[in-house]
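As a plain string of letters, each chain reads:
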Amino acid sequence: MDWMPILRDVLTYLFLLIGTVFCLIAGLGILRMPDLFLRMSMTTKAGTIGIGSLMIACMIHFDESAAIAKAFAIIIFMLITSPVSAHMIGRAGYLDRDVTLWSKTHTDQFKSYAFKQRPGRFAPDDGAEHSPSK
Amino acid sequence: MTLDNLLVMVTFTALVAGLVMAFYRLLIGPSLADRVVAMDLVSALTISIIALFAIVTDEAVLLDVVAVVALTSFLGTIAFAYYIEVRKT
């Protein structure tokens, strides 16, 4: 059983590298993406996959059952809360009308619903259904 | 330099680079929602750095800190989203 600590270290560093790569990609994405919603699609992956694989690395590295249970609870918590907060910010940012969509945006299906919800924030001709050209 | 030291240095450097990029978006963000997303990413990267520090220093107690920071950042993000949605009505 001499290879057991080596295997544990290798698995720990493998999951550390996966999580770090996702966090670095999230940083690059929030700096370079042209739009609020594209930026959010990057940062939510850092919240779920990056922290998730770092917590899997913690679960492999620590030997106590309390630490493993805590890391598992943190994974479940991040999986639940990260999409919820991304949904709330995306909806609020769209309805706020400060956010301009990317110039190459193809489909905007939320527009007619948002026009019904907050009619004072839109131009009068924005209520029409905006669908891609067939 | 052993392989352990090299891997720890590379992961810390990558996480801090992501933190710097998120802070730059927090400074220049065109709208308030961009800044809130950047703040969310800053807290996620802080959680990552704390978890990595827990593995490097072999302290399992730091996972409690991770749980508290995750809960606080979620509540702050939800509060900011509600404020953005209702501030103009």
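Per chain, residue numbering runs from 1 following the sequence as it is written. In the order they appear in the text, chains get letters beginning with A and ligands get numbers beginning with 1. In view of the model being predicted, local features appear only for residues whose pLDDT reaches at least 70, and side-chain atom pairs are presented and counted only at 80 or more, with totals across whole chains, interfaces and linings using the full set of residues.

(A) Representation of the overall build of chain B. Counting its regular elements, chain B contains 3 helices and 0 strands. Only DSSP runs of H or I covering at least 4 residues are called helices, and only runs of E covering at least 2 are called strands; the numbering of each starts at the N terminus. Going residue by residue from the N terminus, the α and β elements of chain B occur as α-α-α. Throughout, radius of gyration means the C-alpha value; the globule benchmark is 2.2 Å times the number of residues raised to the power 0.38. For 89 residues, the compact-globule formula gives about 12 Å, and the C-alpha radius of gyration of chain B, at 16 Å, lies well above that figure. For every residue, the other C-beta atoms within 10 Å of its own C-beta are counted; 20 or more classify it as buried, 12 or fewer as exposed, and values in between as partly exposed. C-beta atoms are placed from the backbone. The burial tally for chain B puts 36% of its 89 residues in the buried class. Long-range pairs, those at least 24 residues apart, make up 39% of the contacts in chain B with a sequence separation of at least 6. The contact criterion used here is simple: two residues whose C-beta atoms, placed from the backbone, lie within 7 Å are in contact.

(B) Representation of the environment of Arg8 of chain A in the model. Residues and elements named next belong to chain A. By the secondary structure assignment, Arg8 is in helix α1 (residues 4-32). You can call Arg8 partly exposed: it has 13 C-beta atoms within 10 Å. For the pair Arg8 and Ile25, spaced 17 residues apart in the sequence, the C-alpha separation amounts to 26 Å. In contact with Arg8, not counting residues within four places along its chain, are Ile60 and His61.

(C) Here's a closer look at the interface of chain A and chain B. Taken together, the contact between chain A and chain B spans 44 residues of the former and 38 residues of the latter. A total of 14 residues in the side of chain A that touches chain B trace back to one element, the largest contributor, which is helix α3 (residues 65-96) of chain A. Here the residues of the side of chain A that touches chain B are counted per class, giving 28 nonpolar, 11 polar and 5 charged. Residues are grouped as follows: nonpolar covers Ala, Val, Leu, Ile, Met, Phe, Trp, Tyr, Cys and Pro; charged covers Asp, Glu, Lys and Arg; every other residue, Gly included, is treated as polar.

(D) Representation of the nonpolar core in the model. Under the definition applied here, buried Ala, Val, Leu, Ile, Met, Phe, Trp, Tyr and Cys residues are grouped into a nonpolar core through C-beta atoms within 7 Å. Core analysis: the largest hydrophobic core is formed by 55 residues, its most contacted members being Met55 and Cys58 of chain A together with Val37, Leu41 and Ala51 of chain B. Mapped by element, the contributors of at least two residues to this core are α1, α2 (36-61) and α3 of chain A together with α1 (3-28), α2 (32-57) and α3 (62-86) of chain B. Excluding residues that lie within four positions of it along the chain, Val37 of chain B makes contacts with Ile30, Leu36, Arg39, Met40, Thr43 and Ile89 of chain A.

(E) The arrangement of the confidence of the model for chain B in detail. The quantity known as pLDDT measures the predictor's confidence residue by residue, on a range of 0 to 100. Confidence along chain B averages 90 in pLDDT terms, with 98% of residues attaining 70 or more. With pTM at 0.88, the complex prediction returns an ipTM value of 0.88.

(F) Structural context of α3 of chain B. Compared with the 36 Å implied by 1.5 Å per residue over 25 residues, the 37 Å span of α3 of chain B between its first and last C-alpha is a close match. Looking at α3 of chain B, one finds that the buried residues are Leu63, Val66, Ala70, Ser73, Phe74, Thr77, Phe80, Ala81 and Ile84 of chain B. On its buried face, α3 of chain B is in contact with α2 and α3 of chain A together with α2 of chain B. Expected span, for any helix, means 1.5 Å times one less than how many residues it has.

(G) Up close: the packing of α3 of chain A against α3 of chain B. In the contact formed by α3 of chain A and α3 of chain B, the axes pass within 9 Å of each other and the chain directions differ by 15°. The orientation of α3 of chain A with respect to α3 of chain B, classified from their angle, is roughly parallel. For the crossing formed where α3 of chain A meets α3 of chain B, the hand is left-handed. Split into classes, the residues belonging to the contact of α3 of chain A with α3 of chain B amount to 17 nonpolar, 4 polar and 3 charged. Whenever a helix is involved, its axis is fitted only over the stretch in contact; in every case the axis is a line through C-alpha atoms, and angles between N-to-C directions fall within 0 to 180 degrees. Any angle that is under 35 degrees is reported as roughly parallel, and any over 145 degrees as roughly antiparallel; angles of 65 to 115 degrees are reported as roughly perpendicular and all others as oblique. For any helix crossing, the convention is left-handed if the near helix is rotated counterclockwise from the far helix by under a right angle, and right-handed if that rotation is clockwise.

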